[in-house]
Amino acid sequence: MKFNCLAIALSSVGFCLAAHAADPATAAPEPKIEKITVTGSNIKRISRETASPVMIITNEQMKRGGATTLTEVLRNISVNVGGIDENRTSGFTAGASGLNLRGLGSQATLMLINGRRLAAYAQPEFQTTFVDLNTLPMGAVERIEVLKDGASAIYGSEAMAGVVNIILKESYEGLEIGASYGESEVGDGETARATASFGYGNLTEQHFNAFATLDIRQQKPSFLKNRGGYIGTQDLRAYGYSDQRNLYTAPGNIYWTDKATGKFNARPIDGKACPADQQVDAADFFGASGMPGGKVCVFDDLKDADFNSGGKSDRFSLTSVFNWQPNADTKVWAEVMRTQNKARVTGQLHWVAMQLGQEIGALPITHPQYPQELIGPDGKTLAGGNGTVRLRSQLKNLPAQGQDNTTDFGRYLIGAKGVLGNWDWETAILTNSSEVESRATGGLLNSKFIEAVQTGKFLFGDVAGNAALYPSLVTNSASQYKSSMSLWDAKVSGELLELPAGPLSMAVGVEARRESLETNPDPNAVAGELYHSAELPPPMSNSRNIRSIYSELNIPILSNLEAQLAARHDRYSDYGNSTTPKLGLKWTPWSSLVLRSTYAEGFRAPTLVENSTAISNAFISFQDPARCNASFKEGCNAQSPYQSGSNPNLGPEKGESFTYGFVWEPNQSFNMSVDFWRIKRKNEISTYDLTTVLANEALFANNPATVIVRDPLTAADAANGATKGEITLVKLLLTNVSVTDVKGVDMDLRGRFNLGAYGKIEPSLNLQYVQSYRTAPTPNDPMLQYIGTSGQPRLQGSLGVGWKQGPWSLSADARYVGKMGAVGSPNETCRFIAEGYEELCRDIASFTTVNIGGSYRGFKNVILSGAVKNAFDRKPPFFPYTNGRNYYAPLHDSMGRYFQASAVYTFY
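First things first, this report covers the structure right here in the doc. Keep in mind that what you see is a predicted model, and the values were worked out from it rather than measured. (Residues numbered from 1 in each chain as written. Predicted model: local features only at pLDDT ≥ 70, side-chain atom pairs only at ≥ 80, totals over all residues. Heavy atoms only, no water.)

What follows deals with the overall build of the protein. Counting secondary structure elements, the protein contains 13 helices and 41 strands. For a compact globule of 908 residues, the expected C-alpha radius of gyration is about 29 Å, and the protein comes in at 32 Å, within 12% of that figure. Here the C-alpha coordinates of the protein stretch approximately 125 × 70 × 50 Å along the principal axes. Relative to its 908 residues, the protein shows a buried fraction of 50%. Across the protein, 84 positive and 88 negative side-chain charges occur, with their mean positions spaced 2 Å apart. (Helix = DSSP H or I, 4+ residues; strand = E, 2+ residues; numbered from the N terminus. Rg over C-alpha atoms; globule rule 2.2 N^0.38 Å. Buried < 20%, exposed > 50% of the residue type's maximum accessible area, 1.4 Å probe, protein only. Lys, Arg positive; Asp, Glu negative; His and termini not counted. Charge placed at Lys NZ, Arg CZ, Asp CG, Glu CD.)

Shown next as structure tokens:
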């Protein structure tokens, strides 16, 4: 045995000697090992596996199941918890979509294209800024890399919850065209998409390549009223809840108190009979003492209006890349991306409430539709009670409330990279911008509309009679927003020196960028002149400059142990400086097992909205402890003018993230990774809780972010038990106050099995389990556990399987959202208890949908594909949510079963 070992050793030595003695001219050249850049590191390396957990979504994975947008791909990954929804019928971001990694907010998720930043969506969602996924074309994407730990040391601000890096195709030769069509099972939400890619030139032979990808997509609206069951109605009696229909009918209900009996009377304003299915007991609205045995006419907002389950959108995107490679070590390239997204979402109809205490007042006796039977011989009303006639009406002849937004996104880059000795270098200049024009659908001028109603010019239900009046009431309000970001960067990376365990690699880089934001709300919106629309802050313009320097080391400590050290210094022209480090360790005890861990500090700079001077005016209700006690009750249900808004004195949010886990790949057929993670964030930008401020008013007296203005305390109020005067103004500005601590575990299982004659099968399982989500409104308050409340499910994940045999491929992917509580915070009392429906306080059930896809490549140059989304037509769990929908819209989808077919043809 020893002889055999010695013989093998000697033969090996002889082989090596022979190799060294060979003629250099005839010896085979050593193959060049290509190094790659992985998201989360600036150092090129041979292996994709680093100390940081990274999820990679390939182009094939993106397309399977029928996805046609990056929103459909990324909003369903396990680490995303909701985010900005393109189909919301409230808010300011119609047609825009953003991610929310780890549930820490869209502003804590950094979006990149090819490792470089993007301009934020121009129309801020209050203080939240984010990158709009719908401005990024899916047709030009090669893959997506999701970094699941903090990376401020690598990329700077916002990279606290994670990083999503969109990798575009580098080059393309040939011509490919594709088309797809989809439609929901109920016949709405039709989607038509056309794509074309053309490229010419070979980098190796012709030293250049130019290609362009065109992506056009049109989607028609879908409506809740078409979904059926509790999704499309407010009459929830059949589902264990009350009838939520209302008296706001079309053309309208009038009601008054009978002077003789003291009972309510009600009827449609046009005097016509109410349809039988819209008649309900009057006692449901007026109580047992009003109209006993009588009926009133009701309206179903979801069934009879145009609440979107999916909005209308038209998208056009052109991405082009030009590459020039003058020699093997140098490459110059340019990128141009232009996208336009037109989107419309609609929700509740405009409504009118006429009664005392409302701005519009009660129905005037001089109005032509005032009930004539209530006008006495003296010309005065015969109504009892307070002598008024009230009205509830839906303006069904006007477009439903919503938004009509047009977003134009442009990205332009020119760069160069190459190799100089043992060092890789790269530099680029980039500019990109997002411009939004936002219009209110069915916008009404507040004062003119109220005047037309009060004077009787506007008649409820008289479409023809009001036609001439509409031009003076309806406004095409247009608010303009622009966000831009310009950047120059340069970096070098390579091997600094050779250590006993391997080469010490290093990367050093610099970056300079400028960010700016301009908002120009419609003057009518600023003046509060848009009926049913929030008053917007005045126009504002804000900008800043950022200078950054960063460095990274990859240190081989042992042959199987390496460390990543990174640090970055960012200097902001508005708030100051931030320095963030990162440490990572990767140990490979066996070739099949990798143990890894990271520690990173992070920060989020105040956005250009948060640190501006924009102030919003509204009203706020509260209980004033200084004027609400056992002997004085005037302040127990108080209301005051309320100012909220930005704060130019804000500092950055700061955080720490920890990960540790392993990757196990015992063979080529199976890969498993498990990573435990924790993110601690402090100095979060928020406002102080008003209840806390009023309970400790002296403590906040000198805080510029909290201002409470009171009238002097009168002697009479003091004698009756009040300790302070009435509040006349509440002002709460954003400030660095909140804290959050989140921890959990990610699991990723992937298989690749060859079934011989039966093809190949690739199963996968991806899970996020959140163990704890604790937060507090101030550092001095106790941490509250939010995990399990609505919006914070413990478990999310996906289970998929793909099968291929010859020209055929099939896939099935299940998306799971775990159960959640019926309350939004741990100290909140379930609202259904007071309403007498305590059984609805149970958890919101888990929600699972399955997408099935398949393709056939048996025809020359042709790929035919089909998909069924939500193949089992699962409805989201029943939950009367506070946004008027009967399911938890931020995490659950109501579209239902959806069919899609596509074809791709490659010419050469």
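Here Asp-235 lies in the loop between β9 (222-223) and β10 (253-257). Looking at Asp-235, its side chain comes within polar contact range of the side chain of Arg-245, at 3.5 Å. (Polar contact = N/O pair within 3.5 Å; in protein donor to acceptor, adjacent residues only side chain to side chain.)

Right, let's talk about helix α7 (residues 446-454) for a bit. Turning to α7, its buried residues are Asn-446, Phe-449, Ile-450, Ala-452 and Val-453. Viewed along the axis of α7, the buried residues span an arc of 160°, placing them on a single side of the element. Among the structural elements, β17 (351-354) and α9 (470-473) are those in contact with the buried residues of α7. Where α7 terminates, the next one or two residues include Gly-456, which has phi positive at roughly 85°. (Arc of directions from axis to C-beta. Contact = heavy atoms within 4.5 Å.)

A word on the side chain of Asn-134. Along the chain, the position of Asn-134 falls in the loop between β3 (116-117) and β4 (141-147). A distance of 2.9 Å separates the side chain of Asn-134 from the backbone oxygen of Gly-95, its partner in a polar contact. In this structure the side chain of Asn-134 is engaged in a polar contact, spanning 3.3 Å, whose partner is the side chain of Arg-315. Filtering out sequence-adjacent residues up to four positions away, Asn-134 remains in contact with Thr-69, Thr-71, Glu-86, Gly-95, Ala-96, Ser-97, Arg-315, Thr-339 and Asn-341.

Our focus in this paragraph is the pairing of strand β16 (residues 330-346). Each regular strand shows side chains that alternate between the opposite faces of the sheet. Where strand β15 (residues 312-327) meets β16, 14 bridges bridge the pair, whose relative direction is antiparallel. Looking at β16, one finds that Phe-322 is bridged to Ala-334. In textbook terms, the turn of a hairpin is the stretch between consecutive antiparallel strands, and for β15 and β16 this stretch comprises 2 residues. Both β16 and strand β19 (residues 402-420) contribute to a ladder of 17 bridges, which runs antiparallel. (Pairing = 2+ DSSP bridges.)

Residues Ile-177, Phe-198, Tyr-200, Tyr-905, Phe-907 and Tyr-908 make up a contiguous nonpolar surface patch of roughly 630 Å² in combined accessible area. As for its placement among the helices and strands, Tyr-908 is situated in the segment after β41 (898-906). (Patch = residues over 30% accessible without salt bridge, like charges linked within 9 Å, V, L, I, M, F, W, Y side chains within 5 Å. Areas by Shrake-Rupley, 256 points an atom, 1.4 Å probe, with all protein chains shown as cover. Salt bridge = Lys/Arg side-chain N within 4 Å of Asp/Glu carboxyl O.)

The next thing to look at is unusual backbone geometry. Here the residue pair Ala-250 and Pro-251 is connected by a cis peptide bond, since its omega of 10° sits within 30 degrees of zero. Within the secondary structure layout, Pro-251 lies in the loop between β9 and β10. Residue His-532 is not a glycine yet carries a positive backbone phi of 65°. Examined against the element boundaries, His-532 turns out to sit in the loop between α10 (523-526) and β23 (540-558).

Quick look at the pairing of strand β38 (residues 808-817) now. In this sheet, β38 lies alongside strand β37 (residues 795-805) in antiparallel orientation, the contact comprising 10 bridges. Pairing of Gln-796 across the sheet is with Val-817, part of β38. Between the antiparallel neighbours β37 and β38 lie 2 residues, among them Gly-806 with a positive phi of about 55°. Sheet topology note: the β38/strand β39 (residues 847-856) ladder contains 10 bridges and is antiparallel. Opposite Ala-812, over in β39, you have Ile-852 as the bridge partner.

With that settled, the discussion passes to the sheet that holds strand β5 (residues 162-168). Taken together, 5 strands build an open sheet; the order of strands is β1-β4-β5-β2-β3 and the sheet is mixed. Each edge of the sheet is formed by a strand with only one pairing partner; in this case those strands are β1 (54-58) and β3. In the sheet, strand β2 (residues 109-113) pairs with β3 via 2 bridges, with the strands oriented antiparallel. Among the inter-strand pairings, Leu-112 is bridged to a residue of β3, identified as Arg-117.

Bringing the pattern of salt bridges into the picture now. As enumerated under the stated definition, the model contains 49 salt bridges in all. One salt bridge in this structure joins Asp-235 and Arg-245, with 3.5 Å as the shortest N-O distance. Taken together, the residues span a long stretch of sequence, with Asp-235 in the loop between β9 and β10 and Arg-245 in the loop between β9 and β10 at a distance of 10 residues. Connected through shared salt-bridge partners, Glu-511, Arg-513, Glu-515, Arg-544, Arg-568, Asp-570 and Asp-574 make up one network.

Next up on the list: the packing of aromatic side chains. Per the counting criterion, the structure on display carries 23 aromatic pairs. Centroid distance Tyr-241 to Phe-832: 5.4 Å. Interplanar angle 85°. Geometry classified as edge-to-face. Pair noted here: Tyr-241 is in the loop between β9 and β10 and Phe-832 is in helix α13 (residues 831-835), with a separation of 591 residues, a long-range link. For the residue pair Tyr-241 and Phe-832, the accessibility class agrees, reading buried in each case. (Phe/Tyr/Trp six-rings, centres within 6.5 Å; stacked < 30°, edge-to-face > 60°.)

A few words on the sheet that holds strand β31 (residues 706-710). Strands sit in the order β27-β28-β32-β31 across an open sheet of 4 strands; the sheet is mixed. At either end of the open sheet lies a strand with only one pairing partner, and these are β27 (615-622) and β31. Averaged over all neighbouring strand pairs, the angle between strand axes comes to 20°, with direction disregarded. Where β27 lies against strand β28 (residues 638-645), 8 bridges are found, and the strand directions are antiparallel. (Axes fitted to C-alpha atoms, helices over the stretch in contact; angles between N-to-C directions.)

Right, let's talk about the environment of Ile-787 for a bit. Positionally, Ile-787 belongs in the loop between β36 (784-785) and β37. Here Ile-787 falls in the buried class, since its relative accessible area comes to 8%. With 417 residues separating them in the primary sequence, Ile-787 and Tyr-370 have C-alpha atoms 54 Å apart. For Ile-787, the contacting residues outside a window of four places in its chain are Val-770, Gln-771, Ser-772, Tyr-773, Gln-792, Pro-793 and Arg-794.

Our next topic: the environment of Ser-621. In this structure, Ser-621 sits in strand β27. Overall, the relative accessible area of 49% leaves Ser-621 in the partly exposed class. Sequence spacing of Ser-621 and Gln-639 is 18 residues, and the spatial spacing of their C-alpha atoms is 4.3 Å. Setting aside its immediate chain neighbours within four residues, Ser-621 contacts Ala-638 and Gln-639.

This part is about empty space enclosed by the protein. What the rule picks out here adds up to 6 cavities of 30 Å³ or more. By volume, the largest cavity amounts to about 440 Å³. If you go around the largest cavity, you meet 31 residues; those closest to its centre are Leu-118, Ala-120, Thr-129, Glu-158 and Glu-515. Only β2, β21 (478-499) and β22 (502-520) provide two or more residues apiece to the lining of the largest cavity. The dominant element in the lining of the largest cavity, judged by the number of residues it contributes, is β22, at 4 residues. Its volume calculated, the second largest cavity comes out at about 130 Å³. Considering the residues around the second largest cavity, the lining is formed by 15 residues, among which Asn-134, Leu-136, Pro-137, Met-138 and Arg-315 are closest to the centre. Broken down by secondary-structure element, the contributors of at least two residues to the lining of the second largest cavity are β8 (208-219) and β15. Sorting elements by how many residues they give to the lining of the second largest cavity places β15 first, with 3 residues. (1 Å grid on protein atoms, 1.4 Å probe; cavity = no way out; pocket = protein on both sides within 12 Å on 5 of 7 lines; lining within 4 Å. Points joined across faces, edges and corners; volume = space filled by probe spheres on them.)

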